[in-house]
Amino acid sequence: MLAEHKLKILQDLVRSSTKEELVWINGFLAGVLMNCHDQSSLTSVAAPAAAATPAAAPAVAPANDKPAVSKITIAYGTETGNSKKLATDLASKAKKSGIQAKVVSLDQYRLNDLAKEEYFFTIISTQGEGEPPATAKKFFDHIHQNGFKLPQMKYGVLALGDTSYPLFCKAGEDVDQQLQKLGGQRIVNLIKCDTDYQGDAESWFSQVLHSLTTTTSSNGTASVGAVVTKKPAGKKVYTGNILTNINLNDRGSNKQTHHIEIAADELEYHPGDSIGIIPENASAVVDSIIALTRIDGKKTVSFRNESHTVIELLKKKLNIAYLPERVVKQYAAIVKQDIPETKISLLDLLKIYPVNNAAQFEEVLGILEPITPRLYSISSSPQAHDGEVHITVARDNFKMNGEVKHGLCSNYLADLSVDTALEFYVHKNNQFRLPAPEKDVIMIGPGTGIAPFRSFLAERDASAATGRNWLFFGDQHFTTDFLYQTEIQNWVQTGVLTKVNVAFSRDQASKIYVQHKMLENSAAFYEWLQDGAYIYICGAKDPMSTDVEYAILQIIERFGNKTSAQAIEYLDSLKEEGRFLKDVY
Ligand SMILES: Cc1cc2nc3c(=O)[nH]c(=O)nc-3n(C[C@H](O)[C@H](O)[C@H](O)COP(=O)(O)O)c2cc1C
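So, here is what we can say about the structure in this document. Because the structure is a prediction, the values reported are computed rather than measured.

Basis of the calculations
Residues numbered from 1 in each chain as written. Predicted model: local features only at pLDDT ≥ 70, side-chain atom pairs only at ≥ 80, totals over all residues. Heavy atoms only, no water. 1 Å grid on protein atoms, 1.4 Å probe; cavity = no way out; pocket = protein on both sides within 12 Å on 5 of 7 lines; lining within 4 Å. Points joined across faces, edges and corners; volume = space filled by probe spheres on them. Helix = DSSP H or I, 4+ residues; strand = E, 2+ residues; numbered from the N terminus. Near = heavy atom within 4 Å. Polar contact = N/O pair within 3.5 Å; in protein donor to acceptor, adjacent residues only side chain to side chain. Areas by Shrake-Rupley, 256 points an atom, 1.4 Å probe, with all protein chains shown as cover. Nonpolar A, V, L, I, M, F, W, Y, C, P; charged D, E, K, R; others polar. Buried < 20%, exposed > 50% of the residue type's maximum accessible area, 1.4 Å probe, protein only. Arc of directions from axis to C-beta. Contact = heavy atoms within 4.5 Å. Phe/Tyr/Trp six-rings, centres within 6.5 Å; stacked < 30°, edge-to-face > 60°. Patch = residues over 30% accessible without salt bridge, like charges linked within 9 Å, V, L, I, M, F, W, Y side chains within 5 Å. Salt bridge = Lys/Arg side-chain N within 4 Å of Asp/Glu carboxyl O. Pairing = 2+ DSSP bridges. Axes fitted to C-alpha atoms, helices over the stretch in contact; angles between N-to-C directions.

**Focus: the layout of surface pockets**
Space left empty within the atom packing is revealed by a probe, the size of a water molecule, rolled over the atoms. One number sums up the size of the second largest pocket: a volume of about 1,500 Å³. What lines the second largest pocket is a set of 41 residues, and nearest its centre among them are Tyr 76, Thr 78, Lys 84, Lys 575 and Lys 582. For the lining of the second largest pocket, the secondary structure elements donating two or more residues are α3 (82–96), β2 (100–105), β19 (534–539), α18 (541–559), α19 (564–576) and β20 (580–584). With seven residues, the top contributor of residues to the lining of the second largest pocket is α18.

**Some details on the site of the ligand**
Near the ligand lie 20 residues; those nearest to it are Thr 78, Thr 80, Ser 83, Thr 126 and Cys 169. Here an oxygen atom of the ligand sits 2.6 Å away from a polar atom, N or O, in the side chain of Thr 78. The separation between an oxygen atom of the ligand and a polar side-chain atom of Ser 125 is 2.8 Å. Relative to its unbound accessible surface of 650 Å², the ligand loses 87% to contact with the protein. Here the residues of the shell around the ligand are counted per class, giving six nonpolar, twelve polar and two charged.

**A look at helix α11 (residues 358–367)**
Among all positions in α11, only Gln 360, Phe 361, Val 364, Leu 365 and Ile 367 are buried. Projected onto a plane normal to the axis of α11, the buried residues spread over an arc of 160 degrees and lie on a single side. For α11, the exposed residues lying more than 90 degrees away from the buried face are Ala 359 and Gly 366. On its buried face, α11 sits against α7 (283–293), β9 (300–303), α8 (310–317), α9 (325–335) and α10 (346–352). Its side-chain oxygen 3.3 Å from the backbone nitrogen of Ala 359, Asn 357 forms the N-cap of α11.

**A few points about the packing of aromatic side chains**
What describes a pair of aromatic rings is the distance from one ring centre to the other and the angle between the planes of the rings. Under the counting rule described, the total for this entry stands at 22 aromatic pairs. Ring geometry for Phe 121 versus Trp 204: centroids 6.2 Å apart, planes at 80 degrees, classification edge-to-face. You can see Phe 121 sitting in strand β3 (residues 119–125) and its partner Trp 204 sitting in helix α6 (residues 198–213), a full 83 residues away along the chain. The exposure class assigned to Phe 121 is buried, which follows from its relative accessible area of 0%. Residue Trp 204 is classed as buried on the basis of its relative accessible area, which comes to 0%. Taking the centre distance of 5.9 Å and the plane angle of 35 degrees together, the rings of Tyr 526 and Tyr 570 count as tilted.

**A look at a nonpolar patch on the surface**
Judged by side-chain polarity, Leu 2, Leu 7, Leu 10, Leu 13, Val 14 and Leu 22 come together as a nonpolar surface patch covering roughly 450 Å² of accessible area. Here Leu 7 lies in helix α1 (residues 4–15). Overall, the relative accessible area of 34% leaves Leu 7 in the partly exposed class.

**Topic: the sheet that holds strand β18 (residues 499–504)**
Taken together, the five strands give an open sheet; going across it, the order is β18-β17-β16-β19-β20, and neighbouring strands pair in parallel fashion. Both edges of this open sheet fall to β18 and β20, since each of them pairs with a single strand only. With direction set aside, neighbouring strand axes in the sheet form an average angle of 10 degrees. Sheet topology places strand β16 (residues 441–444) next to strand β17 (residues 469–475); four bridges connect them, and they run parallel. In the sheet register, Met 443 faces β17, and the bridge partner there is Leu 471. α18 contacts β16, β19 and β20 of the sheet and is inclined by roughly 160 degrees relative to β19.

**Structural notes on the side chain of Asn 281**
Looking at the element boundaries, Asn 281 is found in the loop between β8 (274–277) and α7. The buried category is assigned to Asn 281, whose relative accessible area is 3%. A distance of 2.8 Å separates the side chain of Asn 281 from the backbone oxygen of Leu 318, its partner in a polar contact.

In structure tokens:
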């Protein structure tokens, strides 16, 4: 296909390139190809400026060429901030190429404007079970209602996700397909990114910018079928060993919060990261399923191109705890029964609507979905706890049809004994990082929300960071629920913690929460903000993080002598500066 001299140039280039440069080249070529269908030679598409660093290459525009498009919209749908960060990155790259980019969160987007959009790029993650983030729901539902057309829209979608989930990047895929159904013209192929999304995102940016800088007229762009880039799972999976597993709550508590220490080789993580764990199903449940269906547990069957024994599949691979409605529907078709579409466990389903025989159950195995990973904020610090990763896990108890049930993963982790092996991967959270060592931080983390702040404090202690640290912690009772009390008191004594405020909600007649402690300390809180402090919130999204955010607005209003609109503006500017960070769930 290639003349020998050209092949040699290519091989030399590949050999001398880093992984990031190869990703960039890949994106560059895809962009070139997409826009050059009719050209016999691609010489008119010049190489990017030689000085540009590959990962930050601003565009693949022909040198000296003016962009063919002057205005675009970049809309993002995010839960934890990754898509927003990428939307901003793309906008600044577009700007450097002379293209004005409007960046907007999908929850702020005026849906009536959609029909007017000419160049519309969406960066969206997938959450829940293949769903769009809450902030994108309104937009998502809107585009799924038929009855309108987007004939002038040229678009591209970047999908963020995690290959460990069965419905990888589903929300992005849906948006991509739906915009096409509405008459939009796809000018950049969908790219589906795993959790290490940076390289793929850069490649997509290059394609977007290339498509904009080489478009000759509004209808001269190439529309190609969505060739979806599906990467194999590229995560580094660690096999750790449990060193410690203790319940931090004392006898008499309503809660069980486990501090789990895991040793592993060649660990790489930062304070703020989480680990992803795929829980195992309980042996008793697996045994009951095998007994009920009379399948041979040792039989080897194939599931998604891998061979496993039935026992292994049921124990380690398949979600049997709460089957989603789409799986229940397929089950109903196999057993040929009318089954209401509801979430139900496989065992209950088998008891109420039994399979005819083992062969039919094998068919059922084929429709089940993999167990999804659960993320836990890391509570250790790489500097302070070398070769270890710690997590803080609340055992999740809830009632279903009058019966007390436990969350699959928290229950599995809480029961792990010392010296057992545990597989996990590191889930990076670049949106939740410590600032420079001399900056002050205010950390608000009730309950298990304390986890990343134990990591932050241990890291700041070990690295002798000079910035001040202020912690707000809360739980139900002082005597039974003060998680990491001794360590926190030590940090106060050694001066690592400049200030600590605790709120124990049920130790008095009226409930006291962290936001009340913040309001009691309003003057100092506002002073810290004025001095450039960073605010971090971790823990329950609702109502905790909403109430905490409201308290911060009240503090700014009162002590900054501002109207409520000005207080909102002040907080927005903190968000923009990256000084207001949340990791809530
Ligand atoms: C609770 C939860 C559920 C998730 N569900 C999915 C999923 O079904 N499919 C998928 O591809 N990714 C899933 N993810 C992974 C996210 O899409 C991924 O972490 C992404 O980088 C988040 O981007 P964002 O910060 O813009 O929301 C899930 C993440 C969480 C925390």
